[in-house]
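One letter stands for each residue in the lines below.
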Amino acid sequence: MLDAKIPEGKLENKWTDYKGHCKLVNPANKRRLEIIVVGTGLAGASAAAALGELGYKVKSFCFQDSPRRAHSIAAQGGINAAKNYQNDGDSVFRLFYDTIKGGDYRSREANVHRLAEVSANIIDQCVAQGVPFAREYGGLLSNRSFGGVQVQRTFYAAGQTGQQLLIGAYQALERQVALGNVKMYSRHEMLDIVMVDGKARGIICRNLVTGELERHFGHAVVLCTGGYGNVFYLSTNAMGCNVTAAWKAHKKGAYFGNPCFTQIHPTCIPVSGEYQSKLTLMSESLRNDGRIWVPKKQNDPRKANEIPDDERDYYLERRYPAYGNLVPRDVASRAAKERCDAGYGVGTFKQAVYLDFASAIQRYGHAEANKHGIENPSHEEIKRMGDEVVKEKYGNLFDMYEKITGENPYEVPMRIYPAVHYTMGGLWVDYELMTSVKGLYALGECNYSDHGANRLGASALMQGLADGYFVIPYTIGNYLADEIRTPAIPTTHPAFEEAEKNVAARIEKLMSIKGTESVESMHKRLGKIMWNKCGMARNEQGLKEAIEEIRALRKEFWSNLRIPGGINEYNPELDKAGRVADFIELGELICIDALDRKESCGAHFREEFQTSEGEAKRDDEHYMYVSAWEYKNEENWELHKEDLVYEMMHPTQRSYK
């Protein structure tokens, strides 16, 4: 059984007691210890900045041309924190409760409670860095709601919260770079972990500009490399997002936790054609004011504005009256799929539903008229003033939608449909965020620890910054306190030479295939298998078929791939090939995990296991554990289980009605 190293004592005291008793490294010794941080998103930038500030020698790596291009910058809607500024009943316990329930009771209680505890500190940290959070008229920070909650706890900066938070973390990181505490390596991709005496002691990376392989030593390695949603090809992730760093760690002994827990986001711009390469997210914050509906008549040919209100089905409000349009993402996504599959979808392909702001514009317009003392305002005045309020809250999102679709959402409803967005699964980590490999840590989306089977909106940014700013500085010190006598290992050590040799051999093998099919086409074929047979809904037959199809695709990949260019040069097709090879292996494991988990929970919806009302039906007796998979060899993994024991929570059937 896996040891999660959860501290003893009451849940609400565990983190405080841990910090009071963990080992420390004195300032002089910190200067002799080297830490590698891979990734510069919110988790990576905040971790590198915090560890550099503490005095460690940090090396920071990213495959983008600037740390600021990390995909955290694309997050739109907000970041959660239990500050209760609205005086609406929020608390640390309420955030903890909502997160556990939202994850359908498949996350580790101690980690989630710690996340809720430190959430308030994150906001203070970011305000001090100058993050321009939205504010109320009187100057106080503003909040809005996200799915799965009944309070307003989400702090935001219009529809570009991720960008503003990343700029704050990036400034902290660059300050440490300027001071010499952090050395930055951009356009470098990690391609292997170096193990010495059972501990992670460095990485092999490829300079993406020159093609050269490099060796780097560290007393510890911290992975902050994001999620693996692009295994589905079409997703809301940037096209460069990949699983390679986490997968290399997995193949060196790090267990992979709950890989089948992949989140579908309910509010994305629908697929528009066969040649599309990615999807665009419309922030969940839009569900605060937008109402989701479909026509009551199947295959209704009328335009949205031609359908009167009494002929519209506001299906989320009908099915889930307590939460309405703010049900969690997995619930909203399945409900949209059900309506479209039943013949009520809208748009060209009938694979979309409407997200309508007409009611919100009217409501805000009337409120503004009252504020200005305008009696009996005209319809045009109400519309103009309502538009202005909505523009202030969501303007950049509306502009983005119009640029992509050519439709003005102030005048006609948006069309949305679910799409792959986030991965709750990832490298298994203990309470200290260390993987099953000593000295190897995983932070943010690339670990599995905090969200269970479904992540609540606005919790990704919260977890990334919590892990980087407030957790890893303590937990990594607890490990490194025993490493102060370990001298820097020269990169001429046989372990480094062997690791680089293996990386080079794999690159040579990829380039030697000389087949006929492009990397992109292989990736697209993998994505179709994953989406059709392991997407929003899964079943036993489809998963078994998917596993065989993925294995056949892998054989074809390694026999018929065509990569132009050479090795010792800038070659993005070669970079992409390595990532897709890893995605193919991961896709197989995702399907194996989904097949093994014979229950429905959160975003993992097995069609065989559902309630009479079509909701996810958990099996707590047999599946209340984290699935942690150990890589053995090709097509062979061993399952380890971490039992989930709830001290404070009492798992019940989720209900948002």
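Residues numbered from 1 in each chain as written. Predicted model: local features only at pLDDT ≥ 70, side-chain atom pairs only at ≥ 80, totals over all residues. Heavy atoms only, no water.

### Observations concerning the overall build of the chain
Now for step 1: A count of helices and strands for the chain gives 17 helices and 19 strands.
Now for step 2: Whereas a compact globule of 657 residues would reach a radius of gyration of roughly 26 Å, the chain reaches 24 Å, a difference of no more than 12%.
Now for step 3: Structurally, the chain occupies a C-alpha span of about 80 × 55 × 50 Å along its principal axes.
Now for step 4: Of all 657 residues assigned to the chain, the portion counted as buried reaches 60%.
Now for step 5: Taking contacts inside the chain between residues at least 6 apart in sequence as the whole, the part at least 24 apart equals 74%.
Now for step 6: Averaging the locations of the 82 positively and 87 negatively charged side chains of the chain gives two centres separated by 2 Å. (Helix = DSSP H or I, 4+ residues; strand = E, 2+ residues; numbered from the N terminus. Rg over C-alpha atoms; globule rule 2.2 N^0.38 Å. Buried < 20%, exposed > 50% of the residue type's maximum accessible area, 1.4 Å probe, protein only. Contact = heavy atoms within 4.5 Å. Lys, Arg positive; Asp, Glu negative; His and termini not counted. Charge placed at Lys NZ, Arg CZ, Asp CG, Glu CD.)

### Concerning the pattern of salt bridges
Now for step 1: Following the criterion strictly, the structure yields 65 salt bridges and no others.
Now for step 2: For E53, the salt bridge is made with R175, and the minimal N-O distance between the two is 3.0 Å. You can see E53 sitting in helix α3 (residues 42-54) and its partner R175 sitting in helix α6 (residues 161-179), a full 122 residues away along the chain.
Now for step 3: We classify R175 as partly exposed; its relative accessible area is 45%.
Now for step 4: Across the pair K199 and E483 runs a salt bridge whose closest N-O atoms are separated by 2.6 Å. Taken as a pair, K199 in strand β7 (residues 199-207) and E483 in the loop between α12 (460-480) and α13 (494-511) lie far apart in primary sequence, 284 residues in all. (Salt bridge = Lys/Arg side-chain N within 4 Å of Asp/Glu carboxyl O.)

### Overview of the packing of aromatic side chains
Now for step 1: Inspection of every chain in the model, using the stated rule, returns 25 aromatic pairs.
Now for step 2: Seen in terms of ring centroids, Y394 and F398 are 6.5 Å apart; in terms of plane orientation they differ by 15°. Their pairing is stacked. With a gap of 4 residues between them, Y394 and F398 both fall in helix α11 (residues 379-405), about one helical turn apart. Across this residue pair, the class does not change: Y394 and F398 are buried. (Phe/Tyr/Trp six-rings, centres within 6.5 Å; stacked < 30°, edge-to-face > 60°.)

### Points about the side chain of Q164
Now for step 1: With respect to the helices and strands, Q164 occurs in helix α6.
Now for step 2: The exposure class of Q164 is buried, given its relative accessible area of 16%.
Now for step 3: Look past the residues within four positions of Q164 in its chain and what remains in contact with it is V131, P132 and A157.

### Here's the deal with the pairing of β7
Now for step 1: Taking burial as the measure, the 9 residues of β7 include 8 buried ones, the bulk of the element.
Now for step 2: Bridge count between strand β6 (residues 188-196) and β7: 8 bridges; the pairing is antiparallel. Note on β7: the bridge partner recorded for M190 is C205.
Now for step 3: Following β6, the chain reverses through 2 residues before pairing antiparallel with β7; D197 in that reversal takes a positive phi of roughly 55°.
Now for step 4: Pairing of β7 with strand β8 (residues 213-217), which is carried by 5 bridges, proceeds in the antiparallel orientation. From the neighbouring strand, C205 faces β8, where its bridge partner is E214. (Pairing = 2+ DSSP bridges.)

### Overview of the sheet that holds strand β2 (residues 57-61)
Now for step 1: The strand order β5-β2-β1-β9-β17 describes an open sheet built from 5 strands, whose pairing is parallel. Because the sheet does not close on itself, it has two edges, and the strands there are β5 (182-185) and β17 (440-442). Recorded for the sheet is a direction-independent mean angle of 20° between the axes of neighbouring strands.
Now for step 2: Summarising the sheet, strand β1 (residues 34-38) and β2 pair through 5 bridges and their orientation is parallel. Across the sheet, the residue bridging to V38 is F61, located in β2. (Axes fitted to C-alpha atoms, helices over the stretch in contact; angles between N-to-C directions.)

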